[in-house]
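Now for the letters of each chain:
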Amino acid sequence: MRNLDRNTITEAVLARHAAAADPRFKHIMTSLVNHLHAFAREVELTEEEWFKGIEFLTRCGHITDDRRQEFILLSDVLGLSMLTVAMNNDKPAGCTEATVFGPFHVEGAPHYELGADIANGARGIPCLVRGTVRGAAGEAVPGAHIDVWQSDEEGLYDVQHAEIDHAQARGTFNADAKGGYHFRSILAVPYAIPHDGPVGDLLKAAGRHPWRPAHLHFMIKAEGYETLITHVFRSDDAYLDSDAVFGVRQSLVADWKPQPDGSYLVEYDFVLNPSRP
Ligand code: BEZ
Ligand code: FE
């Protein structure tokens, strides 16, 4: 196969994938090549522009390490993470909606008794969080495993502080026999996603801000139910309609109520979807 030109190269590349053993891989690669080539044709991509693209991806790779994941950020700001979440989390009405996972979850966060304070030194206004975990038919989900993480009052997660080597403002719990949960933490605040790298440059070039509305992250697991990855947002946040990563769902917005002692209270009841057979 020689003398390929702008009209024949796409078919030639696709033909090279014809022998791929995994049909799903073949389907995805075929579509990816088709769309990439169509994109290059549509914008009449110059060699200089594509080299800039390669440089951008290279910078994403160089800045990524155990504490920083620029490719997740890229997927998030392009809406690809939320599109994937939306396509894969159709649930019956009444079930809690899913949203973006984000790059700041840490496997193996400390396990606490209900009522514990997960701040563990993180700075912020004290906040009590409580509610229930139920199934779609209203049944309690006793012992549901609840994994929660959030930023501090500076808008930074523990893993973003180079000097912090232990878990702060994150932890796991088991719901009680009635599906109830409660724990202490700190008030969630709006924060800017990391924008000192290539993804930040992309946002700037697009005239976009890097802010996310205040939220708490939850991942809830229970036998017989689909795992739920979601947030609870603050109803008084200025960024609810312009989240940098497109993650806001109205059903996930709650009132965080100031208390007489200066602390806050937020209540949120989760509804899990039974596992599909
Ligand atoms: C987060 O909420 O932790 C997050 C999500 C997407 C990108 C950056 C941060
Ligand atoms: Fe977050």
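Going by the structure above, here's the rest.
None of these values were measured; they are calculated from a predicted model. (Residues numbered from 1 in each chain as written. Chains lettered and ligands numbered in written order. Predicted model: local features only at pLDDT ≥ 70, side-chain atom pairs only at ≥ 80, totals over all residues. Heavy atoms only, no water.)

Student: Teacher, can you tell me more about the coordination of the iron ion (ligand 2) here?
Tutor: Y157 (OH), Y191 (OH), H215 (NE2) and H217 (NE2) make up the full set of protein donors to the iron ion (ligand 2), lying at 1.9 to 2.1 Å. For the iron ion (ligand 2), the six donor atoms in the first shell make angles of 55 to 163° at the metal, so the coordination geometry reads as irregular. (Donors = N, O, S within 2.8 Å, 3.2 Å for Na, K, Ca; no water. Tetrahedral: all angles 85-135°; square planar, octahedral: opposite > 155°, others 65-115°.)

Student: What exactly am I supposed to notice about the environment of N120 here?
Tutor: By the secondary structure assignment, N120 is in the loop between α5 (80-88) and β1 (126-135). Spatially, the C-alpha atoms of N120 and A169 are 6.5 Å apart, while their sequence positions differ by 49 residues. When residues no more than four places from it in sequence are discounted, the contact partners of N120 are Y112, H166, A167 and Q168. For N120, the side chain forms a polar contact with the main-chain oxygen of A167, separated by 2.8 Å. (Helix = DSSP H or I, 4+ residues; strand = E, 2+ residues; numbered from the N terminus. Contact = heavy atoms within 4.5 Å. Polar contact = N/O pair within 3.5 Å; in protein donor to acceptor, adjacent residues only side chain to side chain.)

Student: What am I meant to see in the site of ligand 1 here?
Tutor: Around ligand 1, the neighbouring residues are L73, D76, G102, P103, F104, Y157, Y191, I193, R212, H215, H217 and V245. Interatomic distance of 2.9 Å between a side-chain N/O atom of H217 and an oxygen atom of ligand 1. Protein chains shield 100% of the accessible area of ligand 1, which is 260 Å² for the free molecule. Residue composition of the shell around ligand 1, grouped by class: seven nonpolar, three polar and two charged. (Near = heavy atom within 4 Å. Areas by Shrake-Rupley, 256 points an atom, 1.4 Å probe, with all protein chains shown as cover. Nonpolar A, V, L, I, M, F, W, Y, C, P; charged D, E, K, R; others polar.)

Student: Explanation requested: a nonpolar patch on the surface in the structure shown.
Tutor: Together, W50, F51, I54, L57 and F71 line one region of the surface with nonpolar side chains, adding up to about 480 Å² of accessible area. The element that contributes the greatest number of residues to the nonpolar patch is helix α3 (residues 47-63), accounting for four residues. What makes I54 partly exposed here is its relative accessible area of 36%. (Patch = residues over 30% accessible without salt bridge, like charges linked within 9 Å, V, L, I, M, F, W, Y side chains within 5 Å. Salt bridge = Lys/Arg side-chain N within 4 Å of Asp/Glu carboxyl O. Buried < 20%, exposed > 50% of the residue type's maximum accessible area, 1.4 Å probe, protein only.)

Student: I keep staring at unusual backbone geometry and nothing clicks. Help me out?
Tutor: For residues that are not glycine, phi is negative in most cases, and the peptide bond is trans in most cases. Phi at E44 takes a positive value of approximately 50°, unusual for a residue other than glycine. Take E44: its relative accessible area is 61%, and that puts it in the exposed class. For A169, which is not glycine, the phi dihedral falls at a positive 55°. Relative to the elements of secondary structure, A169 occurs in the loop between β2 (145-149) and β3 (170-174).

Student: I keep staring at helix α2 (residues 23-43) and nothing clicks. Help me out?
Tutor: For an α-helix the count is 3.6 residues per turn, leaving residues at separations of three or four pointing the same way. Look at α2: 30 Å from first C-alpha to last across 21 residues, which is about the 30 Å you get at 1.5 Å a residue. Measuring from the backbone nitrogen of R24 back to the side-chain oxygen at the start of α2 gives 2.9 Å, which picks out D22 as the cap. With its phi angle positive at about 50°, E44 sits one or two positions after the end of α2. (Expected span 1.5 Å × (residues − 1).)

Student: Which parts of the structure should I look at to understand the side chain of R170?
Tutor: Looking at where R170 falls in the secondary structure, it is placed in strand β3. Here D158 takes part through its side chain, which lies 2.6 Å from a polar atom of the side chain of R170. In this view, R170 contacts F104, H105, V106, A109, P110, Y112, I118, V148, W149, Y157, D158 and V159; residues no more than four positions away in its chain are not counted.

Student: Teacher, can you tell me more about the environment of G197 here?
Tutor: Among the secondary structure elements, G197 is positioned in the loop between β5 (191-192) and α6 (198-205). Here G197 falls in the buried class, since its relative accessible area comes to 1%. When the C-alpha positions of G197 and C60 are compared, they lie 7.6 Å apart, and in sequence the two are 137 residues distant. Contact partners of G197, with chain neighbours within four places excluded, come to R59, I63, R68 and E70.

Student: Could you clarify how one ought to interpret the sheet that holds β3 in this entry?
Tutor: Across the sheet, five strands lie side by side as β3-β2-β7-β8-β9; this open sheet has mixed pairing. Where the open sheet ends on each side, the last strands, each with one partner, are β3 and β9 (253-254). Bridge count for β2 against strand β7 (residues 215-221) is five bridges, and the pairing is antiparallel. The residue of β7 that forms the bridge with D147 is M219. (Pairing = 2+ DSSP bridges.)

Student: Any chance you could explain the pairing of strand β8 (residues 228-234) here in plain terms?
Tutor: Side-chain direction in a regular strand flips from residue to residue, so the side chains alternate between the two faces of the sheet. Among the seven residues that make up β8, six are buried, leaving the element largely enclosed by the rest of the structure. Bridging between β7 and β8 involves six bridges; their strand directions are antiparallel. Counted as the bridge partner of H215 is F233 from β8. The antiparallel hairpin formed by β7 and β8 contains six residues in its connecting segment, where G224 sits at a positive phi of about 90°. Note: β8 against β9, two bridges, orientation parallel. The partner of R234 across the bridge, within β9, is A254.

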